[in-house]
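# Observations on the model geometry
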Amino acid sequence: MSITPLSGANHPLKGIGLMVLATFLFASHDAMSKYLSGFYPIILIVWARYMVHTLLMAGIFLPQSGLRVLRTKRPGLQVLRALCLLGVSLLFTTGLMFIPLAEATSVIFLAPLLVTALSVPLLGERVSAGQWAAVIIGFIGVLIIVHPGGSLFTPAVLLPLSAALCFSFYQILTRRLSEVDSATTSNFFAGLVNTLVMSLLVPFFWHVPSITHGLMMLALGGCGMAAHLLLTHAFRHAAPALLAPFGYVQIVFAGLLGLLVFNHTPDTTALIGILIICLSGLAAAWQSRRQSRK
């Protein structure tokens, strides 16, 4: 996301605080998804997430802008972007059934590195040797987490890896669409498309949730939308280069929630792999910042 702070609204500490709170909500969303996946079909969980998200967006933005908020200059790309995000949700949530929260979250953070690699053929951008090195090191971190003989060395690890790939395409399309459509239009469009798609599927997977689980499903959409709004406000108060490192706090929150809710602690090997992925992502962001300045 390349959003510059608003003029006269440069408050880095406020931006960092909003960013950290957003990462906590994202991690909480994933923890609830993992918990609910033990009781309900993934289709139902993902449908509830997008349905609530879209209804909240409609309640906030339709009274202000009406149907203009859905006007897009590139409807085809918007639909493709939405389906990429839906792929992330389905693959990652399914992966959480088999992969611990912290490890799965660290794998999804390969997406910025994949964006770096894919920006060459898809966007025609130039990538420095340092950025390529960061991409390779990031994949080494994943290999360390899922090393042969380890408990995560199963085909299930392909689920968060595939989610990371979908997320990278989603980010590339977001970058393209930011040139012609507003962030509100893109987010509302994605929520609406995915709600419609999942509404076609959910009757075949319908289970009536308990009151407690129903409230958790409502919280999924609330956490997702609130986190995105917090991110938007965070980037209005501080530069993306400053905020980028704090995005990795989500892995820390995922580890803490994994311990508190699922009684899981990553082993030493997994912690080393997670650290390598974080450092490689930060290195790629630093290389990109230095290249843009040049």
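Just so you know, these numbers come straight off a predicted model, no measurement behind them.

### Some remarks on the packing of aromatic side chains
- Under the counting rule described, the total for this entry stands at six aromatic pairs.
- Between Y35 and F39, the aromatic rings sit 5.1 Å apart at their centres with planes inclined by 50°, giving tilted as the arrangement.
- Under the relative-accessibility criterion, F39 is labelled partly exposed at 46%.
- Relative to Y40, the ring of F39 lies with its centre 6.4 Å away and its plane at 45°, an arrangement referred to as tilted.
- Here the aromatic cluster, defined as three or more aromatic residues joined through ring pairs, consists of Y35, F39 and Y40.
- It is K34 that lies over the ring of F262; its NZ or CZ is 5.3 Å from the centre.
- Positioned over the ring face of Y50 is R49, at 4.8 Å from the centre of the ring.

### Regarding empty space enclosed by the protein
- Applying the stated criterion across every chain yields a total of one cavity of 30 Å³ or more.
- Size it by volume and the largest cavity reaches roughly 70 Å³.
- Around the largest cavity, the lining residues are R49, Y50, H53, R81, L85, Y170, N187, A190, G191 and H228.
- Classifying every residue of the lining of the largest cavity gives four nonpolar, four polar and two charged.

### Some details on unusual backbone geometry
- Positive phi values are uncommon outside glycine, yet N263 reaches one of about 55°.
- Mapped onto the fold, N263 is located in the loop between α11 (249-262) and α12 (268-293).

### Remarks on the environment of S280
- Looking at the element boundaries, S280 is found in helix α12.
- Using a relative accessible area of 3% as the deciding quantity, one classes S280 as buried.
- With 112 residues separating them in the primary sequence, S280 and S168 have C-alpha atoms 16 Å apart.

### Comments concerning a nonpolar patch on the surface
- Together, Y35, F39, L260 and V261 line one region of the surface with nonpolar side chains, adding up to about 420 Å² of accessible area.
- For L260, the location among the structural elements is in helix α11.

### Section: the nonpolar core
- Within the largest apolar cluster, 41 residues are counted, with the highest numbers of intra-cluster contacts made by L36 and L243.
- Breaking this core down by element, the ones donating at least two residues are α1 (12-36), α2 (42-65), α3 (75-95), α7 (158-177), α8 (183-201) and α9 (211-237).
- Looking at this core, the element that brings in the most residues is α9, giving nine residues.
- If sequence neighbours within four positions are ignored, L36 has contacts with I45, H213, M216, M217 and L220.
- In terms of nonpolar packing, the next biggest core, distinct from the first, is built from 32 residues, I99, A104, F109 and I145 among them.

Reading the values: the criteria
- Residues numbered from 1 in each chain as written.
- Predicted model: local features only at pLDDT ≥ 70, side-chain atom pairs only at ≥ 80, totals over all residues.
- Heavy atoms only, no water.
- Phe/Tyr/Trp six-rings, centres within 6.5 Å; stacked < 30°, edge-to-face > 60°.
- Buried < 20%, exposed > 50% of the residue type's maximum accessible area, 1.4 Å probe, protein only.
- Lys NZ or Arg CZ within 6 Å of the ring centre and 35° of its normal.
- 1 Å grid on protein atoms, 1.4 Å probe; cavity = no way out; pocket = protein on both sides within 12 Å on 5 of 7 lines; lining within 4 Å.
- Points joined across faces, edges and corners; volume = space filled by probe spheres on them.
- Nonpolar A, V, L, I, M, F, W, Y, C, P; charged D, E, K, R; others polar.
- Helix = DSSP H or I, 4+ residues; strand = E, 2+ residues; numbered from the N terminus.
- Patch = residues over 30% accessible without salt bridge, like charges linked within 9 Å, V, L, I, M, F, W, Y side chains within 5 Å.
- Areas by Shrake-Rupley, 256 points an atom, 1.4 Å probe, with all protein chains shown as cover.
- Salt bridge = Lys/Arg side-chain N within 4 Å of Asp/Glu carboxyl O.
- Core = buried A, V, L, I, M, F, W, Y, C linked by side-chain atoms within 4.5 Å.
- Contact = heavy atoms within 4.5 Å.

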